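Residues per chain are reported as follows:
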Amino acid sequence: MARFIFITGGVVSSLGKGLMAASLAALLQSRGYRVRIRKFDPYLNVDPGTMSPYQHGEVYVTDDGAETDLDLGHYERFTGVSAKQSDNITSGRIYQNIIQKERRGDYLGATVQVIPHVTDAIKEFALADTDDLDFVLCEIGGTVGDIESLPFMEAIRQLRNDLEPEQTLSIHVTLVPYIAAAGELKTKPTQHSVRELTSLGIQPDLLLCRCEHPLPETERAKIAAFCNVRKQAVIQALDAESIYAVPLQYHGEGLDNEVLRAFGIDDAKEPELSRWDDIVDRYNNPEGEVTIGVVGKYVGLQDAYKSLHEALVHGGMANRVKVNIKWLDAEVFENEEELAEDLEPLHAILVPGGFGERGSEGKISSVKFAREHNVPFFGICLGMQMACVEGARNVAGIASASTTEFGDTKEPIVGMITEWMTKEGLEKRGADGDLGGTMRLGAYEARLAANSHVAAVYDDVKISERHRHRYEVNSNYIEKLEQGGLLFSGMSPDGALPEIVERPDHPWFIGVQFHPELKSRPFDPHPLFASFIKAALDQSRLV
Ligand code: GLN
């Protein structure tokens, strides 16, 4: 039967609970255990799909088409286990299900309440589909004390009684701040946070203390005494130089040993950490460096492009080079002089996914610059659509080419699709339907042209990649665009939807309708990113 690890956070948000969960899961996995990580988000949105990337960071999409929290990206990257719809739940979804059931009359006249109905739904979610697992790590979003997270805390409290004593573990992640004026680390916020948690009926078994300076033995003993845990269960979590160093660091602090001890497992195998040693070595000892420009709209908040950032780092690891990323605001590039100044020093240009018209002319100008100067270019989703609009306007002679996403246009090179094929059959959308959950989402197959650049990059002609978009390149324009030097080298299996476009007369010019960054992992860098960074490296030797 699976064992459950509940991870809560205290003192402040942004302590890196997601990374902590991912790292612990990776350590357990390195000992041969089967793991899965689940995220519980207390907010009322049904999923993060409709939230601004500025507020919530990127929306991570799973193979089965769920729009989820970006922590699921960490989980996948660290464990290689593909996340599913059933790995992320929000209060919004729970209430939506409960209210639908109530309207159907499923509660047979009962008063529907937070306890037991909401808490039961949370428990059901945690326990579902876990028979073939050794460990399920459940990360609760937010910070202890939040009003919204109370039902989740209550559900954990109940589960700790419902399950066997050695079947659950509670880990609380806190902050031990350094007060420069006193020259001391302060344990009081941790004490308060644990008091808050115990007042909800949850005694933590293990404390993970984020700190900027090493935690002295005296402070560790103090935390243990005041928070009612063993001293060995107070684990210091110093800031790491890279997120990929975190599992090895936590192992060094005894985290996985202490977790297994708490579960009463004393026959644990030794962890096999060589793949972590290898990626940390690749990251720490690069043999060169490249500078990539990312021309986007949400460049003020890097979490908005989390997976993209990581995929570029993985591409660097694959080539043993350091990747410097210049985040460039597309809006600034509406001015061509400014654009040349910023783009000239770059070894490659990437236009990522995005929504809406703002900054689009800057993106189109960046594509033009990359095309004309033979600089490696990678367009992802909206980036691919902009590459097609650029080719249409500046090469194929369709001066007013645009996308219907930006308003009515006489030349809809990119348009909204209202029906497409899925594995289950025809999927239909209305142009005026809901915004939430109605995009083309999740994994779809594509067929690649045998002699194309992308077929060489993938070393395959059949691929599957994750999608999240409402608009598609209009296949009525394929012929004209191909006359303008673009090649549609990847299409949906039925041949209806353009998936990949490339320029055979350019050293590296590829646009993809999907999001390859979502499937890149440090141990298995995505071939497009590995190849793109290789092209940037070649370019760096030219300039
Ligand atoms: N806005 C575009 C669309 O909906 C692209 C989306 C994206 O880049 N993820 O089709």
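The following paragraphs examine the structure supplied in this document.

Its twelve residues give helix H7 (residues 188–199) an end-to-end C-alpha distance of 16 Å, which sits within 8% of 16 Å, the value for a rise of 1.5 Å per residue. Among all positions in H7, only Thr 190, Gln 191, Ser 193, Val 194 and Leu 197 are buried. Down the axis of H7, the buried set is contained in an arc of 165°. They therefore lie on one face. Projecting away from the buried face of H7 at angles above 90 degrees are the exposed residues Arg 195 and Ser 199. Considering only its buried residues, H7 is in contact with strand E1 (3–9), helix H6 (150–162), strand E7 (168–175), strand E10 (206–211) and helix H8 (217–227).

Once that is clear, we can look at the site of the ligand. Lining the immediate surroundings of the ligand are Gly 353, Gly 354, Phe 355, Cys 381, Leu 382, Gln 385, Glu 405, Arg 468, His 469, Arg 470, Tyr 471 and His 515. Between an oxygen atom of the ligand and a main-chain N or O atom of Gly 354, the distance comes to 2.9 Å. A distance of 2.8 Å separates an oxygen atom of the ligand from a polar atom in the backbone of Tyr 471. Protein burial of the ligand: of its 300 Å² of free accessible surface, 98% is covered by the chains. The cavity that encloses the ligand is the largest cavity. Secondary structure elements with two or more residues in the shell around the ligand: helix H15 (382–394) and strand E21 (462–469). Looking at the shell around the ligand residue by residue, the class counts come to four nonpolar, five polar and three charged.

With mixed pairing, three strands are arranged side by side in an open sheet as E16-E17-E22. Across the chains shown, the open sheet's two edge strands, defined by having one partner strand only, are strand E16 (401–403) and strand E22 (471–473). Strand-to-strand twist across the sheet, computed as the mean angle between neighbouring axes with direction ignored, equals 30°.

Following the sequence through the fold, Asp 106 ends up in the loop between helix H4 (91–104) and helix H5 (114–127). Considering only alpha carbons, one finds Asp 106 and Phe 355, 249 residues apart in sequence, at a separation of 40 Å. Looking at Asp 106, its side chain comes within polar contact range of the side chain of Arg 104, at 2.8 Å.

Taken as a whole and judged by the stated rule, the model has 39 salt bridges. A salt bridge links Glu 217 to Arg 220, with the shortest nitrogen-to-oxygen separation between them at 3.7 Å. Placement of both Glu 217 and Arg 220 in helix H8 is noted, with a separation of three residues, approximately one turn of the helix. In this structure Glu 217 comes out as partly exposed when scored by relative accessible area, which is 46%. Between Arg 358 and Glu 331 there is a salt bridge, and its shortest N-O distance comes to 2.8 Å. Of this pair, Arg 358 sits in the loop between strand E14 (348–351) and helix H14 (360–372) while Glu 331 sits in the loop between strand E13 (322–329) and helix H13 (336–343), and the two are 27 residues apart along the sequence. By relative accessible area, which is 41% here, Arg 358 ends up partly exposed. Sharing partners across several salt bridges, the network here consists of Lys 39, Asp 41, Asp 69, Asp 71 and Glu 139.

The next point concerns the packing of aromatic side chains. Inspection of every chain in the model, using the stated rule, returns 16 aromatic pairs. A centroid spacing of 6.0 Å and a plane angle of 40° characterise the contact between Tyr 298 and Tyr 305, whose relative ring orientation is tilted. Ring geometry for Trp 508 versus Phe 532: centroids 5.1 Å apart, planes at 50°, classification tilted. On the criterion of sequence distance, the pair formed by Trp 508 in the loop between strand E24 (498–502) and strand E25 (509–512) and Phe 532 in helix H18 (residues 527–542) is long-range, its members being 24 residues apart. For the pair shown, Trp 508 and Phe 532 are each scored as buried. Cluster of aromatic residues (ring-pair linked, three or more members): Tyr 54, Tyr 298, Tyr 305 and Trp 327. One Lys or Arg, Arg 38, reaches over the ring of Phe 125 and ends 5.6 Å from the middle of that ring.

Rules of the game
Residues numbered from 1 in each chain as written. Predicted model: local features only at pLDDT ≥ 70, side-chain atom pairs only at ≥ 80, totals over all residues. Heavy atoms only, no water. Helix = DSSP H or I, 4+ residues; strand = E, 2+ residues; numbered from the N terminus. Expected span 1.5 Å × (residues − 1). Buried < 20%, exposed > 50% of the residue type's maximum accessible area, 1.4 Å probe, protein only. Arc of directions from axis to C-beta. Contact = heavy atoms within 4.5 Å. Near = heavy atom within 4 Å. Polar contact = N/O pair within 3.5 Å; in protein donor to acceptor, adjacent residues only side chain to side chain. Areas by Shrake-Rupley, 256 points an atom, 1.4 Å probe, with all protein chains shown as cover. 1 Å grid on protein atoms, 1.4 Å probe; cavity = no way out; pocket = protein on both sides within 12 Å on 5 of 7 lines; lining within 4 Å. Sits in = over half its atoms within 2 Å of the grid points. Nonpolar A, V, L, I, M, F, W, Y, C, P; charged D, E, K, R; others polar. Pairing = 2+ DSSP bridges. Axes fitted to C-alpha atoms, helices over the stretch in contact; angles between N-to-C directions. Salt bridge = Lys/Arg side-chain N within 4 Å of Asp/Glu carboxyl O. Phe/Tyr/Trp six-rings, centres within 6.5 Å; stacked < 30°, edge-to-face > 60°. Lys NZ or Arg CZ within 6 Å of the ring centre and 35° of its normal.

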